[in-house]
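A look at the structure
Spelled out from the first residue to the last, the chains are:
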Amino acid sequence: MEKIESFRINHLILEPGAYVSRIDKKNDTYVTTFDLRVTRPNREPVMDVPAIHTIEHLGATFLRNSSRKEDIVYFGPMGCRTGFYLLMFGKLTSEDIYDLLLEMCDFIEAFEGDIPGASAIECGNYSEQNLSMAKYYIKKYANELRTSKSLVYPE
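Below: a short report on this structure. Per-chain numbering applies: the sequence of each chain, read as written, is numbered from 1 onward. Note on the predicted model: pLDDT of at least 70 is required for a residue's local features to be given, and 80 or more for side-chain atom pairs to be given and counted; whole-chain, interface and lining totals, by contrast, use all residues. Think of the side-chain values as coming from all heavy atoms in the structure, minus any hydrogens and water.

Let us look at a nonpolar patch on the surface. Like-charged residues within 9 Å of one another, or nonpolar side chains (Val, Leu, Ile, Met, Phe, Trp, Tyr) within 5 Å, are grouped into patches, provided each residue has over 30% relative accessible area and no salt bridge. Throughout, the Shrake-Rupley method with a 1.4 Å probe supplies accessible areas, and for residues the shown protein chains are the sole cover considered. Throughout this description, the term salt bridge denotes a Lys or Arg side-chain nitrogen within 4 Å of a carboxyl oxygen of Asp or Glu. Nonpolar side chains collect at one region of the surface, where Val73, Tyr74 and Phe89 lie side by side and expose about 240 Å² of accessible area between them. Every helix listed is a DSSP run of H or I at least four residues long, and every strand listed is a run of E at least two residues long, numbered separately from the N terminus. For valine 73, the position within the fold is in strand E3 (residues 72-77). With a relative accessible area of 34%, valine 73 lands in the partly exposed category. Type-normalised accessible area, obtained with a 1.4 Å probe on protein chains alone, sets the label of each residue: buried when under 20%, exposed when over 50%, and partly exposed for intermediate values.

Okay, here's the thing in structure tokens:
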């Protein structure tokens, strides 16, 4: 069986950033998958599940209400708990979404109140949320994006 492309990335040197993981095309439609790497894999602790869940709810809410809402396909966590995947229509680069990501981070950092979609009717695990830790991870991620601007996978 062929090794999938994301397993070919050296996770021992991967830094927080926003990377194009893959670009798929079917007929005339492109979908770009972004690797939004929040922590340093295998070198930093992974994010805790309640914080990831909160980032997922807030990030998805922001993105699906943003000026790019028509381009959003999916936003959700990686199984390894070191980041998120963002899928968008179009043949895009990390530069194309850089400002959008910083706006999302600012939205999450400033968010106060009830987490959108965090009720028993709306979510299958609504009570597992942690806004303060979500803000901690997102603030750290935004700072990394602003200072290092890692937008291309390391070789």
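After presenting the structure, the write-up continues.
Attention shifts here to the packing of helix H2 (residues 94-110) against helix H3 (residues 131-148). Between H2 and H3, the shortest axis-to-axis distance is 9 Å and the interhelical angle comes to 150°. Classified by the angle between their axes, H2 and H3 sit roughly antiparallel to one another. The chirality of how H2 crosses H3 is left-handed. Contacts between H2 and H3 involve Tyr98, Leu101, Leu102, Cys105, Asp106, Ile108, Glu109 and Ala110 on the former and, on the latter, Ala134, Lys135, Ile138, Lys139, Tyr141, Ala142, Leu145 and Arg146. For helices, the axis comes from a line fit to the C-alpha atoms of the stretch in contact; other axes are also lines fit to C-alpha atoms, and the angle between any two N-to-C directions lies between 0 and 180 degrees. In this scheme, roughly parallel covers angles under 35 degrees and roughly antiparallel covers those over 145, while 65 to 115 is roughly perpendicular and the rest are oblique. It is the rotation of the near helix from the far one that decides the hand of a crossing: anticlockwise by less than a right angle makes it left-handed, clockwise makes it right-handed. The contact criterion used throughout is that any non-hydrogen atoms of two residues lie within 4.5 Å.

Moving on: the sheet that holds strand E2 (residues 29-37). At least two DSSP bridges between two strands are required for those strands to pair. The 4 strands lie next to each other as E1-E2-E4-E3, forming an open sheet whose pairing is antiparallel. The two strands at the open ends of the sheet, each matched to only one other strand, are strand E1 (17-26) and E3. Direction aside, the axes of adjacent strands within the sheet are offset by 15° on average. In the sheet, E3 pairs with strand E4 (residues 83-89) via 5 bridges, with the strands oriented antiparallel. From the neighbouring strand, proline 77 faces E4, where its bridge partner is phenylalanine 84. Together, E3 and E4 form the strand contacts of helix H1 (residues 49-63), whose direction differs from that of E3 by roughly 165°.

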